[in-house]
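Each chain, letter by letter, is given below.
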Amino acid sequence: MAKQKKLVLQHLEKISWRVLEDYPKIIKEMIHGKSGVYALYRKDKLYYVGLATNLMGRLKTHLKDRHHGAWDRFSVYLTVHDEHIKELESLILRISNPTGNKTGGKFSESNNLRSTLNQEIKGFDADKRAALICGKIEIQRRKSKMHKSKGTKILVGIANKRIPLRAKYKGEEYRATLRIDGMIGYNGEKYPSPSAAGRAIIKRACNGWWFWHYKNEKGEWVRLDEIRK
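If you're wondering where the values come from, they're calculated on a predicted model, not measured in any experiment.

Draft legend 1. Local environment of the overall build of the protein. Counting its regular elements, the protein contains eight helices and ten strands. Here the protein holds 229 residues, and the buried ones make up 34% of them. Considering only residue pairs separated by 6 or more positions, the protein has 48% of its internal contacts joining residues 24 or more positions apart. For the protein, the exposed area adds up to about 16000 Å²; of that, 51% sits on carbon and sulfur atoms.

Draft legend 2. The sheet that holds strand β4 (residues 73-79), seen in detail. Taken in spatial order, the four strands line up as β1-β4-β2-β3 in an open sheet, and their pairing is antiparallel. Strand pairing shows two members of the sheet lacking a second neighbour, β1 (8-16) and β3 (45-52), which therefore form its edges. Each strand of the sheet is rotated relative to its neighbour by a mean of 15°, with strand direction disregarded. Pairing analysis gives six bridges linking strand β2 (residues 36-42) to β4, with the strands arranged antiparallel. Residue pairing for β4: A39 is matched across the bridge by S75. In the packing of helix α4 (residues 85-96) onto the sheet, contacts are made with β2, β3 and β4, and the angle to β3 comes to roughly 165°.

Draft legend 3. Quick look at the packing of aromatic side chains. According to the stated counting rule, one finds seven aromatic pairs in the structure shown. Here W71 and F74 contribute two aromatic rings whose centre-to-centre distance is 6.4 Å and whose plane-to-plane angle is 85°, an arrangement assigned as edge-to-face. This pair shows no difference in class: W71 is buried, exactly as F74 is. The rings of Y169, Y174, Y186, F211 and W212 are connected pair by pair, giving a single aromatic cluster. Over the ring of W210 we find R223; its NZ or CZ atom is 3.6 Å from the centre of that ring.

Draft legend 4. Geometry of the pairing of β4. Burial within β4 is extensive, with five of its seven residues counted as buried. Across six bridges, β1 lies against β4 in antiparallel orientation. Residue pairing for β4: L12 is matched across the bridge by V76.

Draft legend 5. Spotlight on the pairing of β2. In terms of burial, β2 is a largely internal element, six of the seven residues being buried. Inspection of the sheet shows β2 paired to β3 by seven bridges, in the antiparallel sense. Considered in β3, the bridge of Y38 is made with G50. A loop of two residues connects β2 with β3, the two strands running antiparallel in sequence, and K43 in this loop sits at a positive phi of about 55°.

Draft legend 6. Region of the structure containing a nonpolar patch on the surface. A cluster of nonpolar side chains, namely Y23, I26 and M30, defines an oily patch on the protein surface of about 310 Å² accessible area. Checked against the element boundaries, I26 lands in helix α2 (residues 24-31).

Draft legend 7. Molecular detail of the side chain of S195. In this fold, S195 is placed in helix α7 (residues 194-202). At 3.1 Å, the side chain of S195 forms a polar contact with the backbone oxygen of C206. Setting aside anything within four residues of it in sequence, one finds S195 in contact with C206, N207 and G208.

Draft legend 8. How the structure looks around the nonpolar core. By size, the foremost hydrophobic cluster in this structure holds 22 residues, and its most contacted members are L165, I201, F211 and W212. Elements with a minimum of two residues in this core: β5 (163-169), β6 (172-178), β7 (184-186), α7 and α8 (208-211). When neighbours within four sequence positions are excluded, L165 is seen to be in contact with Y174, R175, A176, T177, L178, I184, W212, H213, Y214, W221 and L224. Judged by nonpolar contacts, the second largest core, of 17 residues, contains V19, L20, L55 and F74.

Draft legend 9. Just the side chain of S35, in detail. Examined against the element boundaries, S35 turns out to sit in the loop between α2 and β2. Setting aside its immediate chain neighbours within four residues, S35 contacts A52, T53, L55, Y77, L78, T79 and H81.

Cut-offs applied
- Residues numbered from 1 in each chain as written.
- Predicted model: local features only at pLDDT ≥ 70, side-chain atom pairs only at ≥ 80, totals over all residues.
- Heavy atoms only, no water.
- Helix = DSSP H or I, 4+ residues; strand = E, 2+ residues; numbered from the N terminus.
- Buried < 20%, exposed > 50% of the residue type's maximum accessible area, 1.4 Å probe, protein only.
- Contact = heavy atoms within 4.5 Å.
- Areas by Shrake-Rupley, 256 points an atom, 1.4 Å probe, with all protein chains shown as cover.
- Pairing = 2+ DSSP bridges.
- Axes fitted to C-alpha atoms, helices over the stretch in contact; angles between N-to-C directions.
- Phe/Tyr/Trp six-rings, centres within 6.5 Å; stacked < 30°, edge-to-face > 60°.
- Lys NZ or Arg CZ within 6 Å of the ring centre and 35° of its normal.
- Patch = residues over 30% accessible without salt bridge, like charges linked within 9 Å, V, L, I, M, F, W, Y side chains within 5 Å.
- Salt bridge = Lys/Arg side-chain N within 4 Å of Asp/Glu carboxyl O.
- Polar contact = N/O pair within 3.5 Å; in protein donor to acceptor, adjacent residues only side chain to side chain.
- Core = buried A, V, L, I, M, F, W, Y, C linked by side-chain atoms within 4.5 Å.

This is the structure we're talking about:
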């Protein structure tokens, strides 16, 4: 196991603010000019979280600014000069939401997955309803997903059970399976697309949608391409 890289080098937790006035030289030697994250508390309840390149100076400032009298203990976490330290502060703010911070933490490039989750839940519910109703509704749902899908995930969720596939090449018949996860199972291997599975047989470029056949609702073996129409 690789050795874990250090982020926090030293720390003091929930120390009385009076140490800044009664023992300034001792505290100064420990944290003056050092960077890191600090937290202010009021009766053990988190009040404020901040980031500073000079922790000693910042704490002394908070004894006189708008936070004066609002906190009675503090914690400091001396850190390495890491490129992620600002993101760490934002993460703490978003999780703890201290009453003394006017603004919440902001991430530089993080994508909010809320809308994605909403769409995934809608899709899951639609699949569930279609499977319960069956018939044309289920077929329409399957085809709708097929048209909207892209790339190697085009068959994901199309089938709620395994669908047997077959193909004929140079007088021989080959069998495969369209799996529930959208993969094509052939000869003990899994392939991300019909074409990839077909290429494993003919050893060259292959249009898997025409190469493989499945049995439709009428019991007829038709090209796999029909499942997309």
